[in-house]
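Structural overview for review
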Amino acid sequence: MTENLAAENSKGRSPWALAWARFRKHRTGRAGACLVAMVILAALLAPLIARHPYDEQFRAHFNEGPSARHWLGVDPISRDVFSRIVYGARASLQVALAATAVSVALGVAAGALAGYMGGWTDEVLMRIADAFSAFPGILLAIAITAAFDQRSLAVVFVALGLVGWASLARIVRSRTLSLREEDFVQAAVALGFGRARIVFRHILPNCLGPVIVTATLLMAGNILGEAGLSFLGIGVQPPQPSWGGMLADARSRDLAAFWWMATFPGGAIAVTVLGFNLLGDALRDVLDPRE
Amino acid sequence: MTSFILRRLFNLVPVLIGISLATFVMLYVLPGDPAEMLTPRRADPLTVKQIRQKHHLDDPLPVRYAAFLGRLARGDLGVSIRSERPVTKILLNRFFPTAQLAIGSLLFALALGLPAGVLSAVRPRSWIDGASMLVALAGVSLPVFWLGMMLIVLNGQLGAVFAVSGYAPFSPYHFVLPCVALGTVTAALLARLTRASMLEELHRDYVRTARAKGVAEWCVVLRHALRNALVPIVTVIGVSLASLLSGAVLTETVFNIPGLGREMFDAIVARDYPVVVGAVMWLALTFVIVNLIVDLFYAWLDPRIRYD
């Protein structure tokens, strides 16, 4: 591995080019990237891929299982399951992406501040982070979501974002603490650069790798979180289709007899989450070659 | 040792007071009114007012919190706004199904996750390693409520061997499916962690020494390496148990189990303040006690750790 790295380095390529070269050889990483790309395409091209509108009721095909007309069957009120899964990718990705953005913004800001300032700033921010991670994530998300009377996507993604920021803050903080002692940062301090310049130009760019890895794994967690909240009825609201909501709908039927109503929407969740988990694990291998 | 346990339990008092105060303030700040949630949309304003008066919802926050502390000193958590039953009784009733589910799924997770992790570490890059790590990765990616529903489908196809809904004390007929569903994620986590921890220990010098002495391989793995590898694993087991005991609202919903998770969910949605505050304090108590047990377990695993 070391020889390999030395050989790669001798070509004078940037760390990102090296990481990309490593990623292309990573088999499970490629599999994860394919799964994620598939879901993103489904969300973007939903009207082209879905064969029916997601809210059209086919009363003549009541309780119909998988068939040539309805590939994955129809749901309890006779809507096409395949079309609803394709459109459901939109809600899932939108919420997860926005929630991850909230976590990243809060976590990076809090982590860099705590790590660079130290002292009581560090103490206060980290105790708040402790308080947020003390409770099981789903309960915290439920409490925040349920606190608002209006059910909008914004409430859901802010709640999920507030659940995830603490882990990111800890990672950025510990990274900042060790970077602060590095020679190049000390040199920047000696040159008299301002705090903002040191943090934004010298410290944060060096935190990018771990942040990308954590954000990818957070995407997986947020997709599960959104599905859970929608399953409980406090997430994405009908008529907008969501995978968790479809599972909640399926519960009104005998699951064993109408198996397709629950199997496929949940399968979509599992495949998407697996994709992000595989991608995150691979990115960790690729961006952190020390291990 | 006894003084250590007593000291830790004594530290619990300020923690519980702090947590109850934080919960009170949070519920006070957040929008939503239990009296309006309880009554129909265009209810008689007088009825709403009566409910508010009965539960002292119009009193200022310090007055309400002082009254709460006064009752707490007598072991009384107040009554639920929804059912008017004592909160302590509700929590106790709801805790038994949750405890049964938590212990059952943890046992399932241990029985599956530990051997899988150890076998993978002993034969890294073998088919058994590849297979169990693939299953473990899938396990952490599955939504627990969907897994529960798939077990219900499977159970139906196989002729309804188990109940798919409801609860009865100590009845495997009722708790096998929910425990398998809930335990799978924990099993997957444990398998991945056990593998990593065991791999690290198996490369240590004392393992080489034991092998050089001619100690049987199973003994090296199970008595020497595993015992040391267990330290980080016990931490995760403790965290898992604590979070399982705080109720699994999704699993409880799928299998219609009247547990703590579902009660908390309903209470939060209905702004049933006394139940929410009581449940949060109960959770804090569970977390602290489980962590105490984990700390005592460390001392047993690693004789260098002493708490005197």
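A quick note: this is a predicted structure, and the numbers were derived from the prediction, not measured.

Time to look at the overall build of chain B. Tallying secondary structure elements over chain B gives 13 helices and 0 strands in all. For chain B, the N- to C-terminal ordering of α and β elements is α-α-α-α-α-α-α-α-α-α-α-α-α. With the C-alpha coordinates aligned to their principal axes, the bounding extent of chain B is approximately 85 × 55 × 30 Å. The buried share of chain B, taken over its 308 residues, is 47%. Long-range contacts, defined as pairs at least 24 residues apart, comprise 72% of the intrachain contacts of chain B with a sequence gap of at least 6. Of the roughly 15700 Å² of accessible surface on chain B, a fraction of 68% belongs to carbon and sulfur atoms. Counting 28 positive and 19 negative side-chain charges, chain B places the averaged centre of each group 5 Å from the other.

Scanning chain A for helices and strands turns up 12 helices and 0 strands. Mapped from its N terminus to its C terminus, chain A presents α and β elements in the order α-α-α-α-α-α-α-α-α-α-α-α. Dimensions of chain A, computed from the C-alpha atoms along their principal axes, are close to 75 × 50 × 30 Å. Each of the 291 residues in chain A was classed as buried or not, and the buried ones make up 51%. If you take every contact in chain A between residues at least 6 apart in sequence, the share linking residues at least 24 apart comes to 71%. With an accessible surface of roughly 13600 Å², chain A has 64% of that area assigned to carbon and sulfur atoms. Charge centroids of chain A, computed over 26 positive and 21 negative side chains, lie 5 Å from each other.

A few words now on the interface of chain A and chain B. Listed as interface residues are 34 residues of chain A and, on the opposing side, 34 residues of chain B. Around 2800 Å² of area is buried between chain A and chain B when both sides are counted, 78% of it from carbon and sulfur atoms. Here chain A and chain B share 1 salt bridge between them. Note that Arg192 of chain B and Asp281 of chain A form a salt bridge whose closest N and O atoms lie 3.1 Å from each other. Between the two partners, chain A and chain B, sit 6 residue pairs in polar contact (both at pLDDT 80 or more). Counting only elements with at least two residues in the side of chain A that touches chain B, the list comes to α7 (137–147), α10 (195–232), α11 (243–250) and α12 (260–287) of chain A. Considering each element in turn, the side of chain A that touches chain B owes the most residues, 11 residues, to α12 of chain A.

The next thing to look at is the domain arrangement of chain B. Residues and elements named next belong to chain B. According to the domain assignment, chain B consists of domain 1 (24–87) and domain 2 (90–301). At the interface, 20 residues of domain 1 touch 17 residues of domain 2. Counting each side, the surface lost to burial between domain 1 and domain 2 is near 1600 Å², with a carbon and sulfur contribution of 63%. When residues of domain 1 are sorted by the area they lose upon contact with domain 2, Leu27, Arg82 and Val87 head the list and together hold 40% of the total.

With that settled, the discussion passes to a nonpolar patch on the surface. Residues and elements named next belong to chain A. A cluster of nonpolar side chains, namely Ile40, Leu41, Leu44, Leu45, Leu48 and Ile49, defines an oily patch on the protein surface of about 570 Å² accessible area. Elements with a minimum of two residues in the nonpolar patch: α3 (27–44) and α4 (46–49). Among the elements that line the nonpolar patch, the one with the most residues is α3, at 3 residues.

Attention shifts here to the pattern of salt bridges. The final tally for this structure, using the stated rule, is 22 salt bridges over all chains. Between Arg79 of chain A and Asp249 of chain A there is a salt bridge, with its nearest N and O atoms 3.6 Å apart. Taken together, the residues Arg79 of chain A in the loop between α4 and α5 (81–117) and Asp249 of chain A in helix α11 connect sequence positions 170 residues apart. On the basis of relative accessible area, Arg79 of chain A is assigned to the buried category, the value being 12%. Overall, Asp249 of chain A belongs to the partly exposed group, its relative accessible area being 29%. Here Arg8 of chain B ties to Asp295 of chain B by a salt bridge, and the two come within 2.7 Å at their closest N and O atoms. With a gap of 287 residues between them, Arg8 of chain B in helix α1 (residues 2–29) and Asp295 of chain B in helix α13 (residues 273–301) connect regions that are remote in the sequence.

All names here are of chain A. This structure, assessed with the given rule, holds 13 aromatic pairs over all chains. With 5.1 Å between their ring centres and 55 degrees between their planes, Trp71 and Phe82 make a pair best called tilted. Note that Trp71 is positioned in the loop between α4 and α5 and Phe82 in helix α5, a separation of 11 residues in sequence. On the accessibility criterion, Trp71 (45% relative accessible area) is partly exposed. Taken together, the ring pairs in this structure connect Phe258, Trp259, Trp260 and Phe264 into an aromatic cluster. Geometry around Phe193 places Arg197 over its ring, the cationic atom sitting 4.0 Å from the centre. Just above the ring of Phe258 sits the side chain of Arg253; from NZ or CZ to the centre is 5.5 Å.

Next up on the list: the side chain of Arg64 of chain B. Residues and elements named next belong to chain B. Topologically, Arg64 is positioned in helix α4 (residues 61–73). Given a relative accessible area of 15%, Arg64 falls into the buried group. With residues up to four places along the chain from it excluded, the contact list for Arg64 reads Phe24, Tyr28, His56, Leu57, Asp59 and Tyr273.

What follows concerns the side chain of Asp272 of chain B. Residues and elements named next belong to chain B. Mapped onto the elements, Asp272 comes out in the loop between α12 (260–269) and α13. Look at Asp272 and you get buried, because its relative accessible area is 1%. Among the polar contacts listed, one links the side chain of Asp272 to the side chain of Ser80, at a separation of 2.7 Å. Of the polar contacts made by the side chain of Asp272, one reaches the side chain of Arg82; its length is 2.8 Å. Those residues within four positions of Asp272 in sequence are excluded, and the remaining contacts are Ser80, Ile81, Arg82 and Ala267.

In this section: the packing of helix α5 (residues 87–122) of chain B against α12 of chain B. Residues and elements named next belong to chain B. One way to put it is that α5 packs onto α12 with a least axis distance of 7 Å and a crossing angle of 135 degrees. Comparing the axis directions of α5 and α12 gives the class oblique. Of the residues in α12, those touching α5 at Ile90, Leu91, Arg94, Phe95 and Thr98 are Leu260, Gly261, Arg262 and Glu263. Here the contact of α5 with α12 is built from residues that sort into 4 nonpolar, 2 polar and 3 charged.

Procedures and definitions
- Residues numbered from 1 in each chain as written.
- Chains lettered and ligands numbered in written order.
- Predicted model: local features only at pLDDT ≥ 70, side-chain atom pairs only at ≥ 80, totals over all residues.
- Heavy atoms only, no water.
- Helix = DSSP H or I, 4+ residues; strand = E, 2+ residues; numbered from the N terminus.
- Buried < 20%, exposed > 50% of the residue type's maximum accessible area, 1.4 Å probe, protein only.
- Contact = heavy atoms within 4.5 Å.
- Areas by Shrake-Rupley, 256 points an atom, 1.4 Å probe, with all protein chains shown as cover.
- Lys, Arg positive; Asp, Glu negative; His and termini not counted.
- Charge placed at Lys NZ, Arg CZ, Asp CG, Glu CD.
- Buried area = accessible area lost by both parts, 1.4 Å probe.
- Salt bridge = Lys/Arg side-chain N within 4 Å of Asp/Glu carboxyl O.
- Polar contact = N/O pair within 3.5 Å; in protein donor to acceptor, adjacent residues only side chain to side chain.
- Domains from an automatic or database assignment.
- Patch = residues over 30% accessible without salt bridge, like charges linked within 9 Å, V, L, I, M, F, W, Y side chains within 5 Å.
- Phe/Tyr/Trp six-rings, centres within 6.5 Å; stacked < 30°, edge-to-face > 60°.
- Lys NZ or Arg CZ within 6 Å of the ring centre and 35° of its normal.
- Axes fitted to C-alpha atoms, helices over the stretch in contact; angles between N-to-C directions.
- Parallel < 35°, antiparallel > 145°, perpendicular 65-115°, else oblique.
- Nonpolar A, V, L, I, M, F, W, Y, C, P; charged D, E, K, R; others polar.

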